[in-house]
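Examination of the molecular architecture
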Amino acid sequence: MVKEEDALVIAGQPISSRLWLGTARYPSPRVMVEAFERVKPGLVTVSVRRLNLHAPQETFLELLLGRYRLLPNTAGCYTAQEAIFVAQLAREALQIDWIKLEVIGDERTLWPDAEQLLSAARTLVREGFVVLAYAPDDPIVCQRLADAGCAAVMPLAAPIGSGQGLRDLERLALIRSQLPGLPLVIDAGIGSPADAALALELGFDAVLVNTAVAEAQHPVLMAEAMALAVEAGRKAFLAGRIPRISYARPSSPTEGLPF
């Protein structure tokens, strides 16, 4: 349940949870749905290229429609033109104008192609899509995506599926400070609940997790751990951590001592 005073709102729509989950790599659709039921993710991403949108009964899509808020994505696209076509297909079939925009530049690293990504984002925004853009952890690219009208920017923490965690805290913190009013979501690289908590502590608004949950030894339990970590990280951010200092500081008061 979203507390009104700390609701996550994107494009005017409240999002029920700061933990978002993907749908790939689970050992079975049953395990996937059980994980979702346990944590109630705010958004569930689905790869349009992997689905038969006109026959959802032939895929796991029928398990999700009407039960979760879906976020179609353009995973597997390597050009702006291809990503735009997939987004249009998803909107027509699912009647959803939200899209997680991915345009990959390299098959080995799955790193976003900044030029093609920006081109696709500008076109889709003009066409009325609510664009949530998967981006490199590059402050300039993230700023350009914000300027293009993206409703949220989703910088990676580390390569997709790597589980490396947040590799460059200073760069991510810079992106957060540079775009104070824009929803920012850590996407890709999360490996453990500690990573998710740290992302929220840095001030990011949500995390999207897939492989770290789906390929855990116990995916349902890991999903629950991620949800608890996200809640803890957000509370820590709101509470305000103490500054880091390079010297010791006694925790007991020194005033009033007899000597």
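Data block above holds the structure.
Being a predicted model, the structure only gives us computed values, none of them experimental. (Residues numbered from 1 in each chain as written. Predicted model: local features only at pLDDT ≥ 70, side-chain atom pairs only at ≥ 80, totals over all residues. Heavy atoms only, no water.)

Under the criterion given, the structure shown has 14 salt bridges. Two residues, Lys40 and Glu37, come together in a salt bridge whose shortest N-O distance is 3.8 Å. What makes Lys40 partly exposed here is its relative accessible area of 45%. For Arg38, the salt bridge identified is with Glu224, shortest N-O distance 3.0 Å. Remark: Glu224 occurs in helix α8 (residues 219-239) and Arg38 occurs in helix α1 (residues 29-39); sequence separation between them is 186 residues. Residue Arg38 is classed as partly exposed on the basis of its relative accessible area, which comes to 44%. One network of salt bridges, with partners in common, ties together Asp6, Arg18, Arg176, Asp205 and Arg234. (Salt bridge = Lys/Arg side-chain N within 4 Å of Asp/Glu carboxyl O. Buried < 20%, exposed > 50% of the residue type's maximum accessible area, 1.4 Å probe, protein only. Helix = DSSP H or I, 4+ residues; strand = E, 2+ residues; numbered from the N terminus.)

Close contact between helix α6 (residues 193-201) and α8 brings their axes to 7 Å; oriented N to C, the two are set at 25°. If you check the angle between α6 and α8, you find them roughly parallel. Handedness of the α6/α8 crossing: right-handed. Contacts from Pro193, Ala196, Ala197, Leu200 and Glu201 of α6 reach α8 at Met222, Ala225, Met226, Ala229, Val230, Gly233, Arg234, Ala236 and Phe237. Its residues assigned to classes, the contact of α6 with α8 comprises 11 nonpolar, 1 polar and 2 charged. (Axes fitted to C-alpha atoms, helices over the stretch in contact; angles between N-to-C directions. Parallel < 35°, antiparallel > 145°, perpendicular 65-115°, else oblique. Left-handed = near helix turned anticlockwise from the far one by under 90°. Contact = heavy atoms within 4.5 Å. Nonpolar A, V, L, I, M, F, W, Y, C, P; charged D, E, K, R; others polar.)

One pass over the structure, following the stated rule, counts 2 aromatic pairs. Centre to centre, the rings of Tyr26 and Phe36 are 6.0 Å apart; their planes meet at 85°, and the pair counts as edge-to-face. You can see Tyr26 sitting in the loop between β3 (19-22) and α1 and its partner Phe36 sitting in helix α1, a full 10 residues away along the chain. Taking relative accessible area as the criterion, Tyr26 reaches 11% and is therefore assigned buried. Here Phe36 and Tyr68 contribute two aromatic rings whose centre-to-centre distance is 5.5 Å and whose plane-to-plane angle is 75°, an arrangement assigned as edge-to-face. Of this pair, Phe36 sits in helix α1 while Tyr68 sits in the loop between β4 (44-47) and β5 (70-73), placing them 32 residues apart in sequence. Residue classification places Phe36 among the buried residues on the basis of a relative accessible area of 0%. (Phe/Tyr/Trp six-rings, centres within 6.5 Å; stacked < 30°, edge-to-face > 60°.)

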